[in-house]
Amino acid sequence: MTGTAKPIGQTSGNALIELFGREKTIIGVVHLAPLPGAPRYSGDDIELVYQRGLDDARSYLAGGCDAVIIENHGDIPFSKPDDIGPETSAYMAVVSDRIRRELGRPIGINVLANAAIPALAIASAAGAGFVRVNQWANAYVANEGFIEGEAARAMRYRSRLRAGGIRIFADAHVKHGAHAIVADRPVEEQVKDIVFFDADVVIATGQRTGHAADLGYIGMIKRASGLPTLVGSGVTPDNVNDILSVADGVIVASSLKYDGVWWNAVDPQRVTKFVAGIRR
């Protein structure tokens, strides 16, 4: 037998630089309107849903954001991963492909709640560069109930798709949940579990959508992971430069919407002003 066995641990570089060409990355969130199959879908022409997603993505990127992440955020109440119908993946793949083709910029996928395998399928079909997974390792209790880490299933599925280039952006101690199941272990140790299970980027959040994470907390997660670290909630024009003094980038939505409300359309003027005020 000849050759050298591959190392067990990760050997990849900085995913933010490789995907976006820079650290201090600004990613806007496209909150899709309710999709067919979701309780709030009204039966409107699906082309209106696609156009709304495309318009929001266009506003983010024209205003200076580096990328967008596409979420089925209108599909409230969110289902657990195994209860999400195939129609969600189908519609999300179509709109994601349209956004990537028209705008020619990196896109990511997040299927709520915690549906890593559908997200990878959509990403593979639409040419996305990354997926976001809110609970990658361990488990927690969320609005949807008991949610288990998806790393083992998702990494095997990614391998079957031959889609190793799709990067994993994993939340640490994610918002909208109680982590009492693993509360006997420090957050730093839970963050290291994410790294051990081959995430490429770690995401720090506050307690809920629109809630800012403490700078000391962000710094702790970055030090514990040793990975590029994004902040995924509560980012505003007033705090973004403080956050970027600690983190490597932000995922932002609510503060860039009309009236600062997450379910409204993206306000192009807010995006332009937000990006112009960032010191990178």
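Residues numbered from 1 in each chain as written. Predicted model: local features only at pLDDT ≥ 70, side-chain atom pairs only at ≥ 80, totals over all residues. Heavy atoms only, no water.

Caption draft 1: Quick look at the packing of helix H6 (residues 187-196) against helix H7 (residues 215-225). Two elements in contact, H6 and H7, have axes separated by 8 Å at closest approach and are oriented at 45°. Between H6 and H7, the angle falls in the class oblique. In terms of crossing hand, the pair formed by H6 and H7 is right-handed. In this structure, H6 uses Val187, Glu188, Val191, Lys192 and Val195 to contact H7, whose residues at the interface are Tyr217, Met220, Ile221, Ala224 and Ser225. For the contact of H6 with H7, a count of residues per class yields seven nonpolar, one polar and two charged. (Axes fitted to C-alpha atoms, helices over the stretch in contact; angles between N-to-C directions. Helix = DSSP H or I, 4+ residues; strand = E, 2+ residues; numbered from the N terminus. Parallel < 35°, antiparallel > 145°, perpendicular 65-115°, else oblique. Left-handed = near helix turned anticlockwise from the far one by under 90°. Contact = heavy atoms within 4.5 Å. Nonpolar A, V, L, I, M, F, W, Y, C, P; charged D, E, K, R; others polar.)

Caption draft 2: View of unusual backbone geometry. Cis geometry marks the peptide bond from isoleucine 76 to proline 77, where omega comes out at -10°. In this fold, proline 77 is placed in the loop between strand E2 (67-71) and helix H3 (86-103). Look at the link from leucine 112 to alanine 113: it is a cis peptide, with omega at 10°. Relative to the assigned elements, alanine 113 resides in the loop between strand E3 (107-110) and helix H4 (116-126). Phi is positive for asparagine 138, close to 65°, though the residue is something other than glycine. Among the secondary structure elements, asparagine 138 is positioned in the loop between strand E4 (130-133) and strand E5 (139-142). We classify asparagine 138 as partly exposed; its relative accessible area is 28%. Unlike most non-glycine residues, arginine 162 shows phi in positive territory, near 55°. (Buried < 20%, exposed > 50% of the residue type's maximum accessible area, 1.4 Å probe, protein only.)

Caption draft 3: Molecular detail of the nonpolar core. Judged by nonpolar contacts, the single largest core of 82 residues is most densely connected at Ile27, Tyr60, Ile109, Val131, Trp136, Phe169 and Phe274. Counting residues per element, this core draws most heavily on helix H2 (residues 46-62), which supplies seven residues. In contact with tryptophan 136, not counting residues within four places along its chain, are Gly149, Glu150, Ala151, Ala154, Met155, Ile168, Ala170, Ile194, Phe197, Asp198 and Ala199. (Core = buried A, V, L, I, M, F, W, Y, C linked by side-chain atoms within 4.5 Å.)

Caption draft 4: Expanded view of the pattern of salt bridges. All chains considered together, the criterion is met by 16 salt bridges. A salt bridge links glutamate 189 to lysine 192; its shortest N-O distance comes to 3.9 Å. With glutamate 189 and lysine 192 both in helix H6 and three residues apart, the pair spans about one turn of that helix. A single salt-bridge network, built from bridges that share partners, covers Glu18, Arg167 and Asp200. (Salt bridge = Lys/Arg side-chain N within 4 Å of Asp/Glu carboxyl O.)

Caption draft 5: Region of the structure containing the pairing of strand E9 (residues 201-204). Covered by surrounding structure in E9 are Val201 and Ile203 together with Val202 and Ala204, the residues of both alternating faces. Relative to E9, strand E7 (residues 167-172) runs parallel, the two being bridged by four bridges. Across the sheet, alanine 170 pairs through a bridge with valine 202, a residue of E9. Sheet topology note: the E9/strand E10 (residues 229-231) ladder contains three bridges and is parallel. For isoleucine 203, the partnering residue across the bridge sits in E10 and is leucine 230. (Pairing = 2+ DSSP bridges.)

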